[in-house]
Amino acid sequence: MQSRWTKTVLLVAGVIGSLIGAPLLFIPKVFHGWSGIDLGGQVSLLSEVRAPGGALLACGLVIMAGAVWTRLTFTSLVVSTTLYLSYGVSRILSLVLDGEPAPELVAAMVAELVIGAICAALLLSAPSTASSEPRDGRFRRSAGRAS
């Protein structure tokens, strides 16, 4: 499952997530200022911006971990697919409901959809490692009934 291509995609996706999450968490006014968004001094709004920044940073680190440790590759592909496609699709919804945002945000939407689609393709092409019987044998299938 962990080809050089998969490692590269996870590394790039993780770095991007971390490089966006960190400034959202630590310097949100500056980060959003680059897109022409003025957060002002609204404490509640800053809290609402910092929270997803922390989540993006954490997801980016988990995604990068999957490029390094094989046992995290599947999890990292699930996280990266979910993260990037949810952001991209949410931006499409916003485009439809609210109108066109700044060009930087449209570019971000395109990048999120492309990265998410690549991660989804890798996830769907990964060989299944799931077993019907877990290693410790606590959950067993028995003629379609739980035992």
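Above this text you will find the structure in question.
Residues numbered from 1 in each chain as written. Predicted model: local features only at pLDDT ≥ 70, side-chain atom pairs only at ≥ 80, totals over all residues. Heavy atoms only, no water.

Caption draft 1: The arrangement of the overall build of the chain in detail. Counting its regular elements, the chain contains 5 helices and 2 strands. When the helices and strands of the chain are read in sequence order from the N terminus, they spell out α-α-α-α-α-β-β. Expressed as a percentage of its 147 residues, the buried residues of the chain come to 29%. Residue pairs in contact within the chain that sit at least 24 positions apart in sequence constitute 67% of those at least 6 positions apart. When the accessible area of the chain is evaluated, it comes to approximately 9500 Å², of which 65% is carbon and sulfur surface. (Helix = DSSP H or I, 4+ residues; strand = E, 2+ residues; numbered from the N terminus. Buried < 20%, exposed > 50% of the residue type's maximum accessible area, 1.4 Å probe, protein only. Contact = heavy atoms within 4.5 Å. Areas by Shrake-Rupley, 256 points an atom, 1.4 Å probe, with all protein chains shown as cover.)

Caption draft 2: Here's a closer look at the layout of surface pockets. Taken as a whole, the largest pocket spans an internal volume of roughly 660 Å³. Lining the largest pocket are 30 residues, with Tyr87, Arg91, Leu105, Ala108 and Glu112 sitting closest to its centre. It is helix α5 (residues 103–125) that provides the largest number of residues to the lining of the largest pocket, a total of 8 residues. For the lining of the largest pocket, the class distribution of residues is 20 nonpolar, 5 polar and 5 charged. (1 Å grid on protein atoms, 1.4 Å probe; cavity = no way out; pocket = protein on both sides within 12 Å on 5 of 7 lines; lining within 4 Å. Points joined across faces, edges and corners; volume = space filled by probe spheres on them. Nonpolar A, V, L, I, M, F, W, Y, C, P; charged D, E, K, R; others polar.)

Caption draft 3: The arrangement of the packing of helix α1 (residues 4–26) against helix α3 (residues 43–68) in detail. Running from N to C, α1 and α3 point in directions that differ by 155°, and their axes come no closer than 7 Å. Taken together, the axes of α1 and α3 are roughly antiparallel relative to one another. Note that α1 runs across α3; the crossing there is left-handed. Its residues assigned to classes, the contact of α1 with α3 comprises 16 nonpolar, 8 polar and 2 charged. (Axes fitted to C-alpha atoms, helices over the stretch in contact; angles between N-to-C directions. Parallel < 35°, antiparallel > 145°, perpendicular 65-115°, else oblique. Left-handed = near helix turned anticlockwise from the far one by under 90°.)

Caption draft 4: Representation of α5 in the model. The end-to-end C-alpha distance of α5, which contains 23 residues, comes to 33 Å, matching closely the 33 Å that a straight helix rising 1.5 Å per residue would cover. By the burial criterion, the buried members of α5 are Met109, Glu112, Ile115, Gly116, Cys119, Ala120 and Leu122. Among the structural elements, α1 and α4 (73–98) are those in contact with the buried residues of α5. (Expected span 1.5 Å × (residues − 1).)

Caption draft 5: Region of the structure containing the packing of aromatic side chains. Counted according to the given criterion, the structure contains 1 aromatic pair. Here Phe31 and Trp34 contribute two aromatic rings whose centre-to-centre distance is 5.7 Å and whose plane-to-plane angle is 65°, an arrangement assigned as edge-to-face. (Phe/Tyr/Trp six-rings, centres within 6.5 Å; stacked < 30°, edge-to-face > 60°.)

Caption draft 6: Local environment of the nonpolar core. Among the nonpolar cores identified, the biggest contains 17 residues, and Ala13, Ile63 and Tyr84 are the most heavily contacted of them. Elements that contribute at least two residues to this core include exactly α1, α3, α4 and α5. Ranked by residues supplied to this core, first place goes to α3 with 5 residues. (Core = buried A, V, L, I, M, F, W, Y, C linked by side-chain atoms within 4.5 Å.)

Shape descriptors only; they carry no functional weight alone.
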